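# Observations on the three-dimensional arrangement
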Amino acid sequence: MLKLGVNIDHVATLRQARQAEVPSPLLAAAECEAAGCWGITAHLREDRRHINDDDIAALVKQVRRLNMEMAVTDEMVEIASMRRPNSCCLVPEKRQELTTEGGLDAAGQFDRVARAVKVLQGNGIKVSLFIDAEPEQIRAASEAGSDYIELHTGRYSNAAPGEERRRELDKLIAGAELAHTLNLKVNAGHGIDYENIDDLLKVPYLCELNIGHSIIARAVFTGLRTAVKEMMDKMRPYVG
């Protein structure tokens, strides 16, 4: 069964817009779990623009499974090693970006990534690398010892329906197939919504989808539990 990880960053974004106490990412996580999601994802960015250190500390204690997204920096490796979420997803990060714009260059910064993977795994944390579906990057993830890759689906999600999107889908399919041959487990995420998810279910060997913005946006109108359940219903036909 394909699992859903709900990214709650944008709940924290709304809170930070007023420097307020609400809405609470902790309560949002509880609502998502009550709706039946597999896990919770939260990105502790270096600039702390939404999720903050206290959120991570509380989420680790509260949720069943926390996936902490993080840059490959000494600071973030130290925080994750101290807090010990269930998993960490190593992502690229730029201060000026609105959201993560592409996959991690695992091949280009291999030594740094491999060191982070080793430290995190040494603290009992599963590690995923958020990468584009490029053979060089997938092989680098395998050589670095990563447990998972998370395929960056942003180009697929942003592509116009038709030939352009089919080309991006084919890349994701090929990437998942290569990862499987290298004994890497495969997750996917970025820009997935209630419309473009249908064709994405053609990608084989997927374990988990990490979805945030579209679920939080829908929840404004339907409530969070309903939005999560509707996404899970969309995922149900997946056969792998």
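Residues numbered from 1 in each chain as written. Predicted model: local features only at pLDDT ≥ 70, side-chain atom pairs only at ≥ 80, totals over all residues. Heavy atoms only, no water.

### A look at the overall build of the protein
Secondary structure assignment for the protein yields eleven helices and eight strands. Its C-alpha radius of gyration of 17 Å places the protein within 12% of the 18 Å reference for a compact globule of 240 residues. Overall, the C-alpha framework of the protein stretches about 45 × 40 × 35 Å when taken along its three principal axes. Residues classed as buried in the protein amount to 53% of the 240 residues present. In the protein, once contacts between residues fewer than 6 apart in sequence are set aside, the share between residues at least 24 apart is 67%. Total accessible area on the protein stands at roughly 11,400 Å², and carbon and sulfur atoms take up 49% of it. (Helix = DSSP H or I, 4+ residues; strand = E, 2+ residues; numbered from the N terminus. Rg over C-alpha atoms; globule rule 2.2 N^0.38 Å. Buried < 20%, exposed > 50% of the residue type's maximum accessible area, 1.4 Å probe, protein only. Contact = heavy atoms within 4.5 Å. Areas by Shrake-Rupley, 256 points an atom, 1.4 Å probe, with all protein chains shown as cover.)

### Description of the side chain of S214
Along the chain, S214 turns up in helix 10 (residues 213-222). Classification of S214 by relative accessible area gives buried; the value is 11%. Polar contacts involving the side chain of S214 include one to the main-chain carbonyl oxygen of I192, which spans 2.8 Å. (Polar contact = N/O pair within 3.5 Å; in protein donor to acceptor, adjacent residues only side chain to side chain.)

### Considering the pairing of strand 7 (residues 185-189)
With respect to burial, strand 7 is a largely interior element, four of its five residues being buried. Examined bridge by bridge, strand 6 (residues 148-152) and strand 7 share five bridges and lie parallel to one another. Among the inter-strand pairings, I149 is bridged to a residue of strand 7, identified as V186. In terms of strand pairing, strand 7 meets strand 8 (residues 206-211) through four bridges, oriented parallel. Bridging across to strand 8, G189 finds its partner in N210. (Pairing = 2+ DSSP bridges.)

### A closer look at the packing of aromatic side chains
Under the criterion given, the structure shown has zero aromatic pairs. For K3, the ring lying beneath its charged end belongs to W38, and the centroid distance is 3.9 Å. The ring of Y156 has R165 sitting right over it, with the charged end atom 5.3 Å from the ring centre. (Phe/Tyr/Trp six-rings, centres within 6.5 Å; stacked < 30°, edge-to-face > 60°. Lys NZ or Arg CZ within 6 Å of the ring centre and 35° of its normal.)

### Observations concerning the pattern of salt bridges
Two side chains carrying opposite charge are able to pair once their charged atoms lie near each other. Scanning all chains against the criterion turns up 13 salt bridges. When the shortest N-O distance is used, the salt bridge between R155 and D132 registers 2.9 Å. Within this pair, whereas R155 is found in helix 7 (residues 154-158), its partner D132 is found in the loop between strand 5 (126-131) and helix 6 (135-143), the two being separated by 23 residues in sequence. We classify R155 as partly exposed; its relative accessible area is 43%. R218 is paired through a salt bridge with E230; the nearest N and O atoms lie 2.4 Å apart. Here R218, found in helix 10, pairs with E230, found in helix 11 (residues 224-235); they are twelve residues apart in sequence, far enough to count as distant. (Salt bridge = Lys/Arg side-chain N within 4 Å of Asp/Glu carboxyl O.)

### So, the sheet that holds strand 3 (residues 66-70)
Strands in a sheet are paired, the pairing made by backbone hydrogen bonds, and the direction either parallel or antiparallel. The strand order around the closed barrel formed by eight strands is 1-2-3-4-5-6-7-8, and the pairing between neighbours is parallel. Neighbour to neighbour, the strand axes of the sheet diverge by 25° on average, direction disregarded. Sheet analysis places strand 5 next to strand 6, joined by four bridges and oriented parallel. Note that in strand 6 the partner of F130 across the bridge is E150. (Axes fitted to C-alpha atoms, helices over the stretch in contact; angles between N-to-C directions.)

### Remarks on the packing of helix 10 against helix 11
Closest axis-to-axis distance for the helix 10/helix 11 pair is 7 Å, and the angle between their directions is 130°. Regarding the angle of helix 10 to helix 11, the classification is oblique. Seen along the crossing, helix 10 lies across helix 11 with a hand that is right-handed. Packed against helix 10, whose contacting residues are S214, I215, I216, R218, A219 and T222, the element helix 11 presents L224, T226, A227, V228, E230 and M231 at the interface. Taken together, the residues that form the contact of helix 10 with helix 11 break down as seven nonpolar, three polar and two charged. (Parallel < 35°, antiparallel > 145°, perpendicular 65-115°, else oblique. Left-handed = near helix turned anticlockwise from the far one by under 90°. Nonpolar A, V, L, I, M, F, W, Y, C, P; charged D, E, K, R; others polar.)

### Here's the deal with the environment of R49
When you line up the elements, R49 lands in the loop between strand 2 (39-43) and helix 3 (53-62). Assessed through its relative accessible area of 25%, R49 is described here as partly exposed. Measuring from C-alpha to C-alpha, the distance between R49 and G124 comes to 27 Å, with 75 residues separating the pair along the chain.

### Let's talk about helix 6
Taken together, the buried positions of helix 6 are Q137, I138, A140 and A141. Seen along its axis, helix 6 keeps its buried residues to an arc of 160°; they face one direction. Residues of helix 6 that are exposed and angled more than 90 degrees away from the buried face: E136 and E143. Each element contacted by the buried residues of helix 6 is listed here: helix 5 (110-122), strand 5, strand 6 and helix 8 (163-181). Positive phi shows up at G145, right after helix 6, with a value of about 90°. (Arc of directions from axis to C-beta.)

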